[in-house]
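# Reading the structure
Chain residues, written in single-letter form:
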Amino acid sequence: MNNINLRALFKFFGVLTLFLLYPEVRAENVSNKSNEKDNLTTKSLPLVSASSIIRITYDNNKNIVAAKYDLESAEYAFKQFERGLSEFTPFIMNNSATRDTRKYPSDENGHNKSTNYKYNTRVGMKKEFFDGSEIFGGLGYRGETGDDGTGHYPFAEAEYRFPLFSSYTTLRRITDRTFEENEVFNARLSYVNAVRDTIRDAQENYFWLQVMLERLDLDREALKDYQNLLAQKHVTFKDSDRRMVDNEIKFVQSEITKNEGNVNTYRILLQDQIGIHHINLAGIERINLYAEKIYGQTYLSQTIEQVIQEAKQNDAEIRVLALALKNSELKRNLARKGKWDIFGRIEGSYDFTGEQNYEAKSGYNVGVGLDIRLIDPTYLKISLKRAEAEINKYNSKIARREEELYNLIDRIHASAKSLRQQADELRASMSSRKGIFEQKRVAYLEGKETMDNLIAARKSLLDTQINLTEVIGDFWEIITELDQSTGIYFKELGLSIEQTSK
């Protein structure tokens with residue numbers, strides 16, 4: 001009980017300024033005295049419940065929104081980089097003009113020099129691909145005039161260049177994009193952590209708010225019991241008994257005031273974590289803490305191995321690291337095979353009929369070519385070592401994350417079962433202590449019991465009830481850790497970390 005009071009006290013001071021800006025009236029009057037603006041804010045949201053809080057927090061928390069846009073920005077930067085290496089150029093225009101002068105032995109007319117002028121205009125488009133392939137197509141018009149004759153004609157041309165076997169060009173480009181790639185991976189991990197941590201905190205505040213609300217109700221029940229006692233004539237005519245009841249009433253009223261503050265503190269923490277301006281208690285669904293099946297009960301019906309397996313399958317961090325590992329393995333394969341840079345080339349052009357005063361008229365030409373380059377072995381060796389280092393890094397990170405999940409789940413799964421068992425035992429004890437208090441109250445009214453024993457029985461009942469709420473709160477806190485570890489947020493939100501967030 002002391003631990004949870006300290007926790008509430010620290011969080012209360014942590015939001016004191018916010019608390020003063022949004023003063024809350026007593027909890028029982030909240031729904032009646034909320035202003036119109038607050039009511040509208042609450043009505044604009046679905047009822048905050050254990051099931052809806054995941055979606056509500058994801059849609060409204062600004063930290064998640066910022067992380068989402070940061071990931072989106074990194075992905076666009078990556079696409080922009082790749083587009084720069086696989087660019088489509090819809091318009092290319094080239095113009096050229098040359099003068100060609102040649103000397104040769106004098107002919108019969110004494111001429112020993114020939115001058116010709118050539119010009120060429122070409123318009124086309126080109127598409128490049130990430131692996132180094134290129135496709136070009138265009139139309140043009142060229143001509144020449146001078147001593148050798150005059151000709152003008154349009155033409156069409158096309159060229160296709162493509163890598164053969166394992167291309168070093170592809171390896172180099174994949175290596176060049178490592179930086180942008182790492183930016184995306186870092187943004188994805190930040191996004192994953194933002195979603196995971198923020199929703200978990202929202203859940204935790206929601207469940208502890210439920211505990212504080214229940215404690216407030218328990219204090220009010222105790223106050224009502226003491227007030228009913230004070231109205232009995234046995235107490236009215238006995239000063240010592242009346243003073244004892246008055247003291248308990250004052251103590252319980254003090255606890256009510258404290259717990260009203262705790263309720264308001266957790267309400268503010270919850271609305272802040274969800275990311276909305278204001279929410280009334282009327283917009284938050286109450287949970288029956290004493291139900292046989294409560295939130296998180298499904299984990300208890302699973303073995304540790306089942307929970308760990310589910311966590312490994314759904315853990316977004318492992319999936320992000322697996323993507324990085326896959327790309328590093330591709331780099332390694334290319335570094336092993338990319339000893340040569342071999343490109344094939346197919347090209348052709350067609351000259352249409354134009355105007356000329358020499359024999360050449362329309363026609364075409366086609367050709368094939370092969371470009372071969374031996375790559376620096378030292379560079380390939382460095383590329384291979386770098387890829388292998390990245391593979392080892394990501395394998396280590398994945399193994400560490402799996403180990404972390406196993407140890408965490410092994411620990412908290414056992415704790416969850418233990419806390420649930422404690423809750424069952426305290427619930428049985430609470431029922432027993434409630435019966436004892438009722439018996440002693442009847443006995444006191446019959447003059448067979450003292451006020452000391454009656455108050456002790458009531459205090460014992462309240463202490464047991466408070467202990468039960470603390471155990472249930474601790475249980476739910478562990479359940480939020482299991483939710484965080486098993487990645488149910490991404491599953492319930494329908495998000496795929498391999499793609500842009502939605």
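Now for a look at the structure at hand. Source: prediction; values computed, not measured. (Residues numbered from 1 in each chain as written. Predicted model: local features only at pLDDT ≥ 70, side-chain atom pairs only at ≥ 80, totals over all residues. Heavy atoms only, no water.)

## Description of the overall build of the protein
Definition in use: Strands are runs of DSSP state E lasting at least 2 residues, helices are runs of H or I lasting at least 4, and numbering of each runs from the N terminus. Per-residue accessibility, obtained with a 1.4 Å probe over protein chains only, is compared with the maximum for each type, and a residue is labelled buried under 20%, exposed over 50%, and partly exposed between these values. A 1.4 Å probe and the Shrake-Rupley method give the accessible areas. Residues count as covered only by the protein chains that appear here.
Counting its regular elements, the protein contains 16 helices and seven strands. Classification of the 502 residues of the protein by burial places 44% in the buried group. Of the roughly 26,800 Å² that the protein leaves accessible, carbon and sulfur atoms contribute 51%.

## Structural notes on the pairing of strand E4 (residues 151-164)
To be explicit about the condition: Each pair of strands is called paired provided DSSP finds at least two bridges between the two strands.
Relative to E4, strand E3 (residues 134-146) runs antiparallel, the two sharing 11 bridges. Counted as the bridge partner of Gly140 is Phe155 from E4. If you look at the hairpin formed by E3 and E4, you'll find four residues sitting between the two strands, and Gly149 has a positive phi there, around 130 degrees. With 10 bridges joining them, E4 and strand E5 (residues 340-351) adopt antiparallel strand pairing. Across the sheet, the residue bridging to Glu159 is Glu347, located in E5.

## Side note on the packing of helix H14 (residues 377-445) against helix H15 (residues 451-486)
Rules: For every element, the axis is a line fit to its C-alpha atoms; helices are fit only across the contacting stretch, and the angle between N-to-C directions ranges from 0 to 180 degrees. The cut-offs work like this: below 35 degrees is roughly parallel, past 145 is roughly antiparallel, 65 to 115 is roughly perpendicular, and the gaps in between are oblique. A clockwise turn of the near helix away from the far one marks a right-handed crossing, whereas an anticlockwise turn of less than a right angle marks a left-handed crossing. For this classification, Asp, Glu, Lys and Arg are treated as charged, while Ala, Val, Leu, Ile, Met, Phe, Trp, Tyr, Cys and Pro are nonpolar and the rest, including Gly, are polar.
Relative orientation of the contacting elements H14 and H15 amounts to 160 degrees, with a least axis distance of 8 Å. As far as their axial angle goes, H15 and H14 are roughly antiparallel. Handedness of the crossing formed by H14 with H15: left-handed. Looking at side-chain class alone, the contact of H14 with H15 contains 22 nonpolar, nine polar and 10 charged residues.

## Things to note about helix H12 (residues 304-314)
The following threshold applies: Of all possible arcs, the one meant is that of the directions from the helix axis to the C-beta atoms.
For H12, the set of buried residues is Val307, Ile308, Glu310, Ala311 and Asn314. Projection of H12 onto a plane perpendicular to its axis shows the buried side chains occupying an angular sector of 160 degrees, all on one side. H12 presents Glu305 and Gln313 as exposed residues on the side facing more than 90 degrees away from its buried surface.

## Some points on the nonpolar core
In a soluble, globular protein the nonpolar side chains are often hidden away together inside. The condition is simple: The nonpolar core is taken to be a set of buried Ala, Val, Leu, Ile, Met, Phe, Trp, Tyr and Cys residues, with the residues joined through side-chain atoms within 4.5 Å. What makes two residues a contact is simply this: any of their non-hydrogen atoms within 4.5 Å.
Formed by 95 residues in total, the largest nonpolar core has its most connected members in Val195 and Tyr206. No other element matches helix H8 (residues 178-230), which puts 22 residues into this core. With residues near it in sequence (within four places) discarded, Tyr206 still touches Val48, Ser49, Ala50, Ile53, Leu270, Ile284, Glu285 and Ile287.

## What to know about the environment of Ile53
Looking at where Ile53 falls in the secondary structure, it is placed in helix H5 (residues 53-60). C-alpha of Ile53 to C-alpha of Ile199: the two residues are 146 residues apart in sequence and 7.9 Å apart in space. Dropping the residues within four chain positions of it, Ile53 is found in contact with Val48, Ala202, Gln203, Tyr206 and Leu270.

## Notes on the pattern of salt bridges
The line we're drawing: One side-chain nitrogen of Lys or Arg within 4 Å of one carboxyl oxygen of Asp or Glu is enough to make a salt bridge.
Evaluation of the coordinates by the stated rule reveals 30 salt bridges. Among the salt bridges present, the one from Glu481 reaches Arg200, with a minimum N-O distance of 3.7 Å. Remark: Arg200 occurs in helix H8 and Glu481 occurs in helix H15; sequence separation between them is 281 residues. With a relative accessible area of 17%, Glu481 lands in the buried category. Residue Arg200 is classed as buried on the basis of its relative accessible area, which comes to 15%. Look at the salt bridges and you will find they share partners, linking Arg196, Asp315, Glu317, Arg401 and Glu404 into a network.

## Considerations on a nonpolar patch on the surface
Operational definition: Like-charged residues within 9 Å of one another, or nonpolar side chains (Val, Leu, Ile, Met, Phe, Trp, Tyr) within 5 Å, are grouped into patches, provided each residue has over 30% relative accessible area and no salt bridge.
On the surface, Phe129, Ile135, Tyr160, Ile346 and Val368 cluster together into a nonpolar patch covering about 460 Å² of accessible area. Relative to the helices and strands, Val368 resides in strand E7 (residues 363-374).

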